[in-house]
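# Working through the structure, step by step
As a plain string of letters, each chain reads:
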Amino acid sequence: MTHAADAASRDAARRTIVLATIVALGGFLFGLDASVISGVIGFITPEFGLNEWQIGLVVGAPTLAGIASSVGSGLLSDYVGRKKVLIALAALYTLSSAAAAIAPNYETLVAARFIGGFAFASLGIAPMYIAEIAPAERRGLLVSFNQFNIMIGFSAAYFANYFLLHASQGDAQWVQALGIDRYTWRWMLGIGALPAAIWLVLLLGIPESPRWLAVKGRLAEARAVLARIRVAAQVDAALEEIRSTTTEAAGSLSSRLRQLFKPAMKLPLAIGLIIGIAQQVTGINAVYFYAPSIFEQTGVGTNAAFAQAILIGIINIIFTVIAMVLIDRLGRKPLLLLGLAGVIVSTSLCSYGFNQARYQLTTESVASLPADIDRERLAAVVNVEYANDLAFREAVGNAIGQTALRKHEAQLIQASVHINPHLVLAGILGFVASFALSLGPVMWVLFSEIFPNRIRGIAMAFVGFFNSIASFAVQFLFPWELTNLGNAWTFSIYAILGAVSLILMAWLLPETRGRTLEQLEADFAAR
């Protein structure tokens, strides 16, 4: 390769990376918007008097909207293009963050977060766009940018929550001037409006997907976009390969649905549905969205729980980077199976740790509890040992009332629990590491690879719909599970579902590494 050709290749690669980085900022906003609620729960539960179903709805409302959005946005992206849909999603992120921050009551907060949930469609549209601009040999890495940014967003949320919590407990003048001491949770929710507005502006400068342009018959525009992200000698070949799989017009919704359910799509759909559901039912969003609450169950206290949540963000970033490095070298399937095995071991460890816990309030530990807890009513459970968290919560709730229990649960557990918190912490961090290495990035890479160009939008919308349903179910049910099944059984369920997912993926999943989208389409059609 000549010096000029080498320079042209580097320039094309650089432009592709810049575009992928901009679009993948949608992942950052998802991570920030989704996980920031983990720090808010402890504030809004007593302020709005929420029960476990209401807590679940506040946390899960964005995902509930995402169920409809994952279908609608995928269809819309096939009609109006990936770029326009991405711009609309950025506007929704901005609006939702601002509205949630000023919500005067529970109903308004749920509505604001529900609006933001429509923007969660960026989870599918962003990797779709990136896959359609990326060369085959770098597609896994570039699509993983989106997952990497999700992890950065999660981390940013945990850091921001921890910073705002500590700031609110101080007496600095700037804290009081900004109202952080009085409106801590509102600052947590509103902080996402700024990066959302920045993403909106950046998206205005990206080109449309060349594959979408080709499907629409706009070949001259598709060629122009390819000329920006490929060296000149590769443009014609890339355009011809795209054209070879887009000779059929996209057609009406009914015709595209018929294509989606053709026999040739049986295996891609089965893989997409299994991995889409498995990604959620193994419990990752329970950990992400309730992290401080989970750590409080080990008795470490609120401040330490927020600090430990930061470790989740750090582990996420480290293992997502490892996955990005390995996904185009080791392959999709080995990473997925390795990560699922780690999920099973880690959730089993959490279950074991919680199963060993014992709970007993003593006269000395009661003295450390907040003064507004009725000591006389609490006396009925003092010096009584309880074998699990369910029995302890039931006894304390009966003694002092459910409202007081929900308000002071973290302090009551801290004063009573005898557990190895390091065991649970290791299990949670191992779970996060295993997910970040596998189910997180690999799912979206596979979604962008296994479906044909002409129906990729509707296919990703279809499997994304079931992914969102599973995600909402996990988030919505988690507070109820802790209250009615207990910590140990909740994590046991995740381990069992992880084992089922591992068996199915080992059986069905082929390797897609290093092959063009067009080659993969032909291969799946032949099976």
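Along each chain, residue indices are assigned from 1 in the same order as the chain's sequence is written. Totals for whole chains, interfaces and linings use all residues, but because this is a predicted model, local features are given only for residues with pLDDT of at least 70 and pairs of side-chain atoms are given and counted only at 80 or more. Side-chain measures were taken over the full set of non-hydrogen atoms in the model, leaving aside hydrogen atoms and water.

It is worth spelling out the sheet that holds strand 3 (residues 417–418) at this point. Here a strand pair is declared whenever DSSP counts at least two bridges between the two strands. Numbering goes from the N terminus for both helices and strands, where a helix is a DSSP run of H or I of at least four residues and a strand is a run of E of at least two. What the three strands build is an open sheet, ordered 2-1-3; its pairing is antiparallel. Each having just a single partner strand, strand 2 (385–386) and strand 3 make up the two edges of the open sheet. Across two bridges, strand 1 (residues 358–360) lies against strand 2 in antiparallel orientation. Note that in strand 2 the partner of Y359 across the bridge is Y386.

Here, axes are lines fitted to C-alpha atoms. For helices the fit covers the stretch in contact, and angles between N-to-C directions go from 0 to 180 degrees. Packing of helix 16 (residues 266–281) against helix 25 (residues 439–450) leaves a shortest axis separation of 10 Å and a crossing angle of 155°. With respect to helix 25, the axis of helix 16 lies roughly antiparallel. As for how helix 16 packs across helix 25, the hand of that crossing is left-handed. Here P268, I271, G272, I275, G276, A278 and Q279 of helix 16 lie close against helix 25, whose contacting residues are L439, G440, M443, W444, L446, F447 and I450. By the convention adopted, Pro, Cys, Tyr, Trp, Phe, Met, Ile, Leu, Val and Ala count as nonpolar, Lys, Arg, Asp and Glu as charged, and the other residues, Gly among them, as polar. Looking at the contact of helix 16 with helix 25, its residues break down into 10 nonpolar, four polar and no charged. Angle categories are assigned with fixed cut-offs, so that under 35 degrees is roughly parallel, over 145 is roughly antiparallel, 65 to 115 is roughly perpendicular, and the rest are oblique. In this scheme, a crossing is called left-handed if the near helix is turned counterclockwise away from the far one by less than a right angle; it is called right-handed if the turn is clockwise. Contacts are assigned to residue pairs with any non-hydrogen atoms lying within 4.5 Å of each other.

Here the focus is the confidence of the model for the chain. The share of residues in the chain with pLDDT of 70 or more is 92%, and the mean pLDDT across the chain is 84. Considering each helix and strand of the chain separately, the mean pLDDT is smallest for helix 28 (residues 517–526), with a value of 56, and largest for helix 11 (residues 193–203), with 94. You can read pLDDT as the predictor saying how much it trusts each residue, on a scale of 0 to 100.

Y288, I312 and L378 are the most contacted members of the largest nonpolar core, which totals 161 residues. Counting residues per element, this core draws most heavily on helix 8 (residues 139–168), at 11 residues. If we ignore the near neighbours within four places in the chain, the residues touching I312 are Y158, V287, Y288, A291, F295, I428, L429 and V432. Residues belong to a common nonpolar core when they are buried Ala, Val, Leu, Ile, Met, Phe, Trp, Tyr or Cys residues joined through side-chain atoms within 4.5 Å. A 1.4 Å probe rolled over the protein chains alone gives each residue an accessible area, and that area as a share of the maximum for its type sets the label: buried under 20%, exposed over 50%, partly exposed in between.

The subject of this paragraph is the pattern of salt bridges. Just to be clear on terms, a salt bridge is a Lys or Arg side-chain nitrogen sitting within 4 Å of an Asp or Glu carboxyl oxygen. In the structure shown here, the tally under the stated rule is seven salt bridges. In this structure, D372 engages K407 in a salt bridge whose closest nitrogen and oxygen atoms are separated by 3.2 Å. With D372 in the loop between helix 20 (363–366) and helix 21 (375–378) and K407 in helix 23 (residues 402–416), this residue pair connects regions lying 35 residues apart in the sequence. Note on K407: relative accessible area 45%, which makes it partly exposed.

To continue, consider the environment of S434. With respect to the element layout, S434 can be found in helix 24 (residues 421–437). Sequence-wise, S434 and I44 are 390 residues apart; in three dimensions their C-alpha atoms are separated by 31 Å. Once you skip the residues sitting within four places of it in the chain, S434 turns out to touch G339, G342, V343, S346 and L439. Polar contacts, as counted here, are pairs of nitrogen or oxygen atoms within 3.5 Å of one another; within protein the pair requires one atom able to donate a hydrogen and one able to accept it, and residues that are adjacent in sequence qualify only if both atoms are side-chain atoms. One polar contact links the side chain of S434 to the main-chain carbonyl oxygen of G430, over a distance of 2.9 Å.

The pairing test for Phe, Tyr and Trp rings, Trp by its six-membered ring, is centres within 6.5 Å, and the orientation test on the planes gives stacked under 30 degrees, edge-to-face over 60, and tilted for anything in between. As enumerated under the stated definition, the model contains 20 aromatic pairs in all. Where F472 meets F476, the ring centres are 5.3 Å apart and the plane angle is 10°; that geometry is what we call stacked. One end of the pair, F472, and the other, F476, are both in helix 26 (residues 456–484), four residues apart, so they sit about a helical turn from each other. Residue class for F476 comes out partly exposed when judged on its relative accessible area of 21%. One aromatic cluster in this structure is built from F30, Y93, F120, F154, W199, Y288, F289 and F435.

Another aspect to go through is the environment of L326. Relative to the helices and strands, L326 resides in helix 18 (residues 302–326). Sequence separation between L326 and I87 is 239 residues; the distance between their C-alpha atoms is 31 Å. Those residues in contact with L326 that lie beyond four places of it in its chain are G331 and L335.

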